[in-house]
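Coordinate analysis (summary)
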Amino acid sequence: MARKALIHQVEARERRGRWFGALASLLSIALLMSGWVAFFSFLGVNSAYGSFEQIKDDWVPDTSEMALNLPDLSRVSRIYAHNGEWLADLHDGRNSEPVPYEDIPEVMVHAMLAAEDSDFFEHEGIDFSAILSAAIDNIVYDVTRGGSTITQQVVKNVFVGDEVSIRRKINEAFVAAELERRFPKERILEFYLNSVYFGAGAYGVKAAAAEFFDKDLEDLQIHEAAALAVQVRNPSLYNPRVRPEITLERRNQVIDEILENGWITEAQAQRAKRQPLGVVDTPIRRGPAEHVVAEVKKQLLYSDEFSFLGATYDDRKKAIFGCPADDTQCTGGGGLQIYTTIDLRLQNLANQVLQDWLPLLPYEENLAACAQLFPDFAEKEAYYRTYAETHSCRPTGAISMVENWTGAVRVMASGLPFEFNQFDLAIQGRRNTGSAAKPFGLVAALENGYTLGHHFPASSPMELQCPYACGPDGSIIWRVRGGSSSPALSLEAATYNSTNVVFAQLSLAVGPEKIVEVARRMGVTEADLEPVPSIVLGSSSVSTLEMASAYSNFATNGEHYDDYIIEKIIDHTGAVIYEHESEIRQVGDPAVFAAARRALLKVPTIGTGTRADIGRPAGGKTGTHQSYLDAWYVGFTPEFSTAVWVGYEAEQIPLRNVTIKGQRYAQVFGGTVPAPIWADFMKRVVEDLPVTDFPPDPPNIDQYITPPPAFVPVVVGLDQPAAELELAKAGLRAEVVQVPSLEPAGKVIAQSPEPGTQVRQGSAVTISVSTGETPRATVPNLLGLTFDEAVKVVQDLERTTGVKISLFQQPVTVEDASQVGRIVDMAPTPGTSVTGTTAITVYVGRRP
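Residues numbered from 1 in each chain as written. Predicted model: local features only at pLDDT ≥ 70, side-chain atom pairs only at ≥ 80, totals over all residues. Heavy atoms only, no water.

Things to note about the overall build of the protein chain
Our working definition: By the criteria applied, helices consist of DSSP H or I runs no shorter than four residues and strands consist of E runs no shorter than two, each listed in order from the N terminus. Buried, partly exposed and exposed residues are distinguished by accessible area as a fraction of the type maximum, computed with a 1.4 Å probe on protein chains only: under 20%, between the cut-offs, and over 50%, respectively. Contacts between residues were defined by any pair of non-hydrogen atoms, one from each residue, lying within 4.5 Å. Accessible surface is estimated by sampling points in the Shrake-Rupley manner with a 1.4 Å probe; for residues, cover comes only from the protein chains shown.
Looking only at helices and strands, one finds 28 helices and 33 strands in the protein chain. Burial statistics for the protein chain: of 848 residues in total, 51% are counted as buried. Restricting the contact set of the protein chain to residue pairs at least 6 apart, pairs at least 24 apart contribute 70%. When the accessible surface of the protein chain is summed, it comes to about 37600 Å², and 49% of that surface belongs to carbon and sulfur atoms.

Observations concerning the state of the cysteines
What counts is decided by this rule: For this text, the term disulfide refers to a pair of cysteine sulfurs within 2.5 Å.
One pass over the full model with this rule turns up three disulfides. Linked covalently through their sulfurs, Cys323 and Cys330 form a disulfide whose S-S length is 2.0 Å. The chirality of the disulfide connecting Cys323 with Cys330 is left-handed, given an S-S dihedral of about -75°. Counting only the cysteines that take part in disulfides, in the order they occur along the protein chain, gives the pairing 1-2, 3-4, 5-6.

Topic: a negative patch on the surface
Applicable threshold: Each patch is built from residues lacking any salt bridge and having more than 30% relative accessible area; the joining distance is 9 Å for like charges and 5 Å for nonpolar side chains (Val, Leu, Ile, Met, Phe, Trp, Tyr). Each reported salt bridge corresponds to a side-chain nitrogen of Lys or Arg within 4 Å of a carboxyl oxygen of Asp or Glu. Charge counting follows a simple rule: Lys and Arg are positive, Asp and Glu are negative, and His as well as the terminal groups are ignored. Here the site of a charge means NZ on Lys, CZ on Arg, CG on Asp, or CD on Glu.
Together, Glu102, Asp103, Asp214, Asp216, Glu218 and Asp219 line one region of the surface with negative charge. Of note, Asp103 is situated in the loop between strand S3 (95-96) and helix H5 (106-116).

Overview of the pattern of salt bridges
A complete count under the given rule lists 31 salt bridges for this structure. With a shortest N-O distance of 2.9 Å, Lys215 and Glu224 are connected by a salt bridge. For Lys215, a relative accessible area of 27% puts it in the partly exposed group. You can call Glu224 buried: its relative accessible area is 7%.

Notes on helix H22 (residues 512-522)
Turning to H22, its buried residues number three or more, namely Pro512, Ile515, Val516, Val518, Ala519, Arg521 and Met522. Looking one or two residues beyond H22, the residue adopting positive phi is Gly523, at roughly 130°.

Considering the sheet that holds strand S4 (residues 197-199)
Strand pairing in a sheet relies on backbone hydrogen bonds, with the paired strands running either antiparallel or parallel. Stated formally: Strand pairing requires that DSSP identify at least two bridges connecting the strands.
Strands sit in the order S3-S5-S4 across an open sheet of three strands; the sheet is mixed. Of all strands in the sheet, those bounded by a partner on one side alone are S3 and S4. With two bridges joining them, S4 and strand S5 (residues 202-203) adopt antiparallel strand pairing. Residue pairing in the sheet places Gly199 in a bridge with Ala202 of S5.

Re the sheet that holds strand S6 (residues 337-340)
Applicable threshold: Axis lines are fitted through C-alpha atoms, for helices just across the contact stretch, and the angle between N-to-C directions can take any value from 0 to 180 degrees.
Taken in spatial order, the five strands make up an open sheet running S2-S1-S6-S16-S17, and their pairing is mixed. Strand pairing shows two members of the sheet lacking a second neighbour, strand S2 (86-90) and strand S17 (576-579), which therefore form its edges. Each neighbouring strand pair of the sheet contributes to a mean axis angle of 15°, computed without reference to strand direction. Note: strand S16 (residues 566-570) against S17, three bridges, orientation antiparallel. Of the residues in S17, the one forming a bridge with Ile570 is Val576.

What about the environment of Gly441?
You can see Gly441 is positioned in helix H19 (residues 438-446). Take Gly441: its relative accessible area is 2%, and that puts it in the buried class. When the C-alpha atoms of Gly441 and Val536 are compared, they prove to be 5.7 Å apart, with 95 residues separating the residues in sequence. If we skip the residues at most four places from it in the chain, Gly441 touches Phe503, Leu506, Ile515 and Val536.

As for helix H27 (residues 720-729)
This is how it is decided: The arc refers to the directions leading from the helix axis to the C-beta atoms.
If you check which residues of H27 are buried, you get Gln720, Ala723, Leu727 and Ala728. Considered in projection along H27, the buried side chains sweep an arc of 135° and stay on one side of the axis. Away from its buried face, by an angle of more than 90 degrees, H27 presents the exposed residues Pro721 and Lys729. Tucked inside the fold, the buried residues of H27 contact strand S10 (455-457), strand S13 (488-490), strand S25 (733-739), strand S26 (748-752) and strand S28 (764-770). Backbone geometry just after H27 places Gly731 at a positive phi near 80°.

As for the packing of aromatic side chains
So the rule is basically this: Aromatic rings from Phe, Tyr and Trp, with only the six-membered ring used for Trp, were paired whenever their centres fell within 6.5 Å, and each pair was classed as stacked if the ring planes differed by under 30 degrees, edge-to-face if by over 60, and tilted otherwise.
Scanning all chains against the criterion turns up 20 aromatic pairs. Between Phe374 and Tyr384, the aromatic rings sit 4.6 Å apart at their centres with planes inclined by 15°, giving stacked as the arrangement. Pair noted here: Phe374 is in the loop between helix H17 (363-373) and helix H18 (381-390) and Tyr384 is in helix H18, with a separation of ten residues, a long-range link. For Phe374, a relative accessible area of 11% translates into the label buried. Seen in terms of ring centroids, Tyr551 and Phe554 are 5.5 Å apart; in terms of plane orientation they differ by 85°. Their pairing is edge-to-face. Of this pair, Tyr551 and Phe554 both sit in helix H23 (residues 544-556), separated by three residues, roughly a single helical turn. Residue classification places Tyr551 among the buried residues on the basis of a relative accessible area of 0%.

Concerning the side chain of Ser392
The residue Ser392 is located in the loop between H18 and strand S7 (396-403) in this model. Every residue in contact with Ser392, bar those within four places of it in the chain, is listed here: Leu360, Asn366, Leu416, Phe420, Tyr648 and Glu649.

Details of the packing of helix H10 (residues 205-213) against helix H11 (residues 222-233)
Applicable threshold: Small angles under 35 degrees read as roughly parallel and large ones over 145 as roughly antiparallel, with 65 to 115 read as roughly perpendicular and the rest as oblique. Classification used: nonpolar for Ala, Val, Leu, Ile, Met, Phe, Trp, Tyr, Cys and Pro, charged for Asp, Glu, Lys and Arg, polar for all others including Gly.
Two numbers describe how H10 lies on H11: the axes approach to 11 Å, and their chain directions differ by 105°. Accordingly, the angle class assigned to the pair H10 and H11 is roughly perpendicular. The residues of H11 that touch H10, namely those facing Ala208, Ala209, Phe212 and Phe213, are Glu224, Ala227, Leu228 and Gln231. For the contact of H10 with H11, the residue count by class is six nonpolar, one polar and one charged.

See below:
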């Protein structure tokens, strides 16, 4: 075939410019007549040479000045996972995948030539024999068929259009001749095979092979190639899915024509005709990560990061999706290979974990759940029947995971399948984070002079005064619940125990604006963060992706990499036109994040998230909406940071009295469901990874850990609760000793250390609290002690018993030098029972 084409090109140069153009014009005119008889009548009436020349001058185009360039074809773009697995095809209704001529199998070329233009490699753009044959069929058999060559079809589709007129047909003939003068036959045929429409949105042979036979182009058999060739003439008439009988009949005719041209043997032809049509149903290529694909498309179309794709929305759309199927003037576009950061294995794993814990119910079960969930179900049953088709009436969830040291989004899993609900819970679903926001307050506190060792009052409920209206009633009083049995807690303990009252005090101390600034700096850039005191308790709504990105700072000592999902884009020529480059930002003092990590590492071991313990280095934080509307666990390992959210997808409904994985929950907390979901997922993520640790603590970490100094306040004379509160305000702990005393019950009658003593916050101060009973004590044995030692013993006895003891000393001469300065006698004697107020006299030895 190639040799035949070469000979053709050599001969063509000798014949160009001859008389055939004018004749072609007249023949073209004839094709537009209602019948071929009209054509021959036309020749008789207009046989004069002058008439012929006039037609030629008026209607024959000057092709020498025409810009006849075969346009760039629109192409399908594709999205891939990190490791190259297919995620989605992108096109705008025109499914087109151009391939080089040499990659098109001969079986497909032969089928198309047999069906459309078997003399393609012989004629020079116009096939006179075909035109004559078509004319005879019209006249003799009353069968209407065209005589256009493949080249003429290309010219009609690309250059002159399909207007039904004599002038257009003349133009088509001359342009076809000129096109063959400028381009090799193979180039014209390549363009045709890649651009012709087969139906069902498939343009070109490769797309058609996939659409109708779900095959790669090179795998087509004779009968399949012939069936595709049939469809080109009239995709609606020869639609194999709608009219299989006439398509099969015409397919077999094409097979016979392939045989007549000597391209296959008789045996091959007979075998091919015995095959069924074999067309598959419309392939539904549902990708494995359709929510991810939706996010990729959104970023490509709207993000400034990808402005190089086009200055306007339409420009970008064409660059990504190619041309719309109904825009015949549009050329080029598409053909992009878009590689994402998604790890498809882990993405599938996340989806499976969510389905294991929070499966989507079948419709009838979901409807029954709606009946239980909504009190007005009986009144609005018709509404809820429709609602249940696209909304889940049981809790669902979302999981997002980023790679700490790159920002690459490895998982973005929404708990509901895309075909059920297109809303992406992982990135679009912003929900109240609850206490998962406390680490932002922790960082803000450490940056503003506080340490993990700072102690705060922790009783609940606690009324705090705001500088502006902050209470639900519009007052400046903020009443906070969620304290501790201890009157004071360290900031570290308040973090892993998730103590609301401590973080409420912090929010007012450092300011909510500072907490917002920290969250923004750490990676929460899209959410609407309102600078109100309750922000530290999770009053703002954030996506799981942003929370995962923000928590990565605790694994990296504050080296932040912005999360991203598009890794690389390659155009249809193979050129890399975009490649993500991660930029490192140090978002704070590394020691601040290392110190915060110490507290967060205790959450899954001794704190509120023990069900998230995976047996290797990991930290995190639970989060529960105050009305149980949302539940979170956000955690990190040295490699990844992962956020898990659980809640109702469409409504803000409390997570109360729900059954999840066979267990009934009166209320869902961050530590009861999201935490074990996180552990279930992360154990499998890291199971094949070596155990690693976090980066070392910076040398200045002590300044963020060491408890600050405190001075012991005076608490003697106060009631026990008042004394404990006073000590808590100073960051000190009270150790209470109950002692009988004539003082009123509950009154502090002694303390140790003494008031004014400097200690570290968190230190214990022992307070003796009266029981209101008559104090009783047994006189201690002071014999052999020095007087100073005896004083200390008596003071301890007073503190522990409440008895008031006056100690007196009397000197007495002793012979034994070892008794000098020692108590040799006392009254009353040791073991004597005393009450109330008493005196003890001791006799201290002296030299003669």
